[in-house]
Amino acid sequence: MRILFVADVIGSPGRKVAKGLLRLVKSRTRSDAVVLNGENAAGGFGITPEIVREFLELGVDVITTGNRVWDKIKELEPVLKTEPRLLRPANYPPGNPGKGSTVVEVGGARLGVLNLQGRTFMPPIDDPFRCADTLLAEMKGRADVFVVDFHAEATSEKQAMQRYLDGRVAAVVGT
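First, a word on scope: everything that follows refers to the structure included in this document.

### A closer look at the nonpolar core
In step 1: If you look at the biggest cluster of nonpolar residues, it comprises 24 residues, and the most contacted ones within it are I47, V52, F55, V60, I63, L76 and L86.
In step 2: Elements with a contribution of two residues or more to this core: α1 (11–29), β2 (33–37), α2 (49–57) and α3 (73–82).
In step 3: The element contributing the most residues to this core is α2, with 4 residues.
In step 4: Discounting chain neighbours no more than four positions away, the residues touching F55 are V9, R15, A18, L36, G38, A41, I47, V60 and I63.
In step 5: Counting 17 residues, the second-largest nonpolar core is a separate cluster that includes A90, A152, L165 and V169.

### Some points on unusual backbone geometry
In step 1: Even without glycine at this site, R30 takes up a positive phi of about 55°.
In step 2: One can find R30 in the loop between α1 and β2.
In step 3: Here R30 falls in the exposed class, since its relative accessible area comes to 56%.
In step 4: Residues other than glycine seldom take positive phi values, yet F121 does so here, at roughly 60°.
In step 5: Considering the arrangement of structural elements, one finds F121 in the loop between β5 (109–117) and α4 (128–139).

### Details of the packing of aromatic side chains
In step 1: For the structure on display, the rule yields 3 aromatic pairs.
In step 2: Seen in terms of ring centroids, F129 and F150 are 6.5 Å apart; in terms of plane orientation they differ by 65°. Their pairing is edge-to-face. Taken together, the residues F129 in helix α4 and F150 in strand β6 (residues 145–151) connect sequence positions 21 residues apart. Comparing F129 with F150, the two get one shared label, buried.
In step 3: The structure contains a cluster of three or more aromatic residues connected by ring pairs, namely F129, F150 and Y164.
In step 4: Positioned above the aromatic ring of Y164, the side-chain terminus of R168 is 5.0 Å from the ring centre.

### Some words on the pattern of salt bridges
In step 1: Per the counting criterion, the structure on display carries 7 salt bridges.
In step 2: Here E83 makes a salt bridge to R85, at a shortest N to O gap of 2.7 Å.
In step 3: When its relative accessible area of 17% is taken as the criterion, E83 is described as buried.

Cut-offs used in this document
- Residues numbered from 1 in each chain as written.
- Predicted model: local features only at pLDDT ≥ 70, side-chain atom pairs only at ≥ 80, totals over all residues.
- Heavy atoms only, no water.
- Core = buried A, V, L, I, M, F, W, Y, C linked by side-chain atoms within 4.5 Å.
- Buried < 20%, exposed > 50% of the residue type's maximum accessible area, 1.4 Å probe, protein only.
- Helix = DSSP H or I, 4+ residues; strand = E, 2+ residues; numbered from the N terminus.
- Contact = heavy atoms within 4.5 Å.
- Phe/Tyr/Trp six-rings, centres within 6.5 Å; stacked < 30°, edge-to-face > 60°.
- Lys NZ or Arg CZ within 6 Å of the ring centre and 35° of its normal.
- Salt bridge = Lys/Arg side-chain N within 4 Å of Asp/Glu carboxyl O.

Structural data, given as C-alpha cells:
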C-alpha cells in the first residue's frame, strides 16, 4: 500500500496548493491513500467544516489534526462528532468530541490511522505511548496497515515514538 501523507496544510495558501497539486501528486506517486494534517488549514488556527468538506472532496481519505483542532470547536464540533475521517489526537481525555483513530478501505486493503499528540512543550495531555498501545490492541485485526500522525513539538519525542512503535506500524509521521 502506498500512502501519501501531507503534513500541516496552513491557511488558504496551503489549501490552494493542496487543491492544485493533490490529485497530480497522488496519481504520479500511485498512492492508494491520502492522509492530510489539516489542523492549521483555517488561517493557521484550526479547521472548519467547510475546509473538512473541501479536503474530502479532493480525495483525502483521512484528516488528522493536533492541538489547534480546538481553535474552531464551536463550529467544528458537530463534524468532529460525526465524520469518521476527521481525527483529533486520541490521547485527549475521555469526553472530548471526536475520535483519535479510524480504519478506511483503500485499494482493497484496510488502513488504520492513529492521531496522537506529544507532551513536550505542549498542553498537558494523556500519555501518547500508552494510548498508542491501547489503540493498536483495540484495532488489531481491523486494519492491514497502520500509520500514526504524531503531532508534537520536540523532535526527540517524535523519534522516541518512532522507535517505540517500530515493527508495529508502517510509519510514524511527525507533524
